[in-house]
Amino acid sequence: MNLSPQHYAAAFLRTENRSPARLFSAIARRGDLRRAGQIVREIILRLVRERGGHFYTLETARLPRQNPMKTSPSDYVENVLSPALVAGVRITRDREQELDMSFARILTQLYA
């Protein structure tokens, strides 16, 4: 039975020795290496929330030259390249709130 990324993150953060090597060997033993990115993202999300920050996902059609967001030092910004947006940006905060200012959303609203 495979564990969810939330279970891996909770177990990793409960341990005294937070060794990435031990985490990845445990993931490999259970056959979940294909979900390693999700597990690491969940660990980062929990660490950021623990420190009182926010986890932002910034989706753009092209990678920005510099980080356009002004955030506090306890926040984490993940840049994601998403050519399907055509132009514009989609910002998600803590995987709950979303601000979609993309050209793809405008086209969908016009022709839906």
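The preceding data block contains the structure.
Calculation notes
The residue numbers shown here count from 1 along each chain, following its written sequence. Given that this is a predicted model, residues contribute local features only at a pLDDT of at least 70 and side-chain atom pairs are listed and counted only at 80 or more, while totals for whole chains, interfaces and linings are drawn from all residues. Think of the side-chain values as coming from all heavy atoms in the structure, minus any hydrogens and water. Throughout this description, buried means an accessible area under 20% of the type-specific maximum (1.4 Å probe, protein chains only), exposed means over 50%, and partly exposed covers the range between. Strands here mean DSSP runs of E at least two residues long; helices mean DSSP runs of H or I at least four residues long; both are numbered from the N terminus. In this description, the arc belongs to the directions extending from the helix axis to the C-beta atoms. The contact rule is simple, with two residues in contact once any of their heavy atoms fall within 4.5 Å. Whether two strands pair comes down to DSSP finding at least two bridges between them.

Engineer: I tried to follow helix α1 (residues 5-14) on my own but got confused; where do I start?
Structural biologist: What sets the pattern is the α-helix's 3.6 residues per turn: residues three or four places apart point alike. Within the span of α1, buried status applies to Pro5, Tyr8, Ala9, Phe12 and Leu13. Along the axis of α1, the buried residues cluster in a sector spanning 125°; they form a single face. Turned more than 90 degrees off the buried face of α1, the exposed positions are His7 and Arg14. At its buried positions, α1 is contacted by α2 (20-29) and α3 (36-50).

Engineer: Before we go on, may I ask you to explain the environment of glutamate 59 in this structure?
Structural biologist: Counting through the fold element by element, glutamate 59 comes out in strand β1 (residues 55-60). Judged by its relative accessible area of 14%, glutamate 59 falls in the buried class. Here the alpha-carbon distance between glutamate 59 and arginine 14, two residues 45 residues apart in the chain, equals 31 Å. Leave out the neighbours within four places in its chain, and glutamate 59 touches Val80, Ser82, Leu85, Gly88, Val89 and Arg90.

Engineer: Any chance you could explain the pairing of strand β4 (residues 97-102) here in plain terms?
Structural biologist: Where strand β3 (residues 88-93) meets β4, six bridges bridge the pair, whose relative direction is antiparallel. Along β4, the bridge assignment pairs arginine 93 with glutamine 97. The loop that links β3 with its antiparallel partner β4 comprises three residues; one of these, aspartate 94, has a positive phi angle of about 55°.

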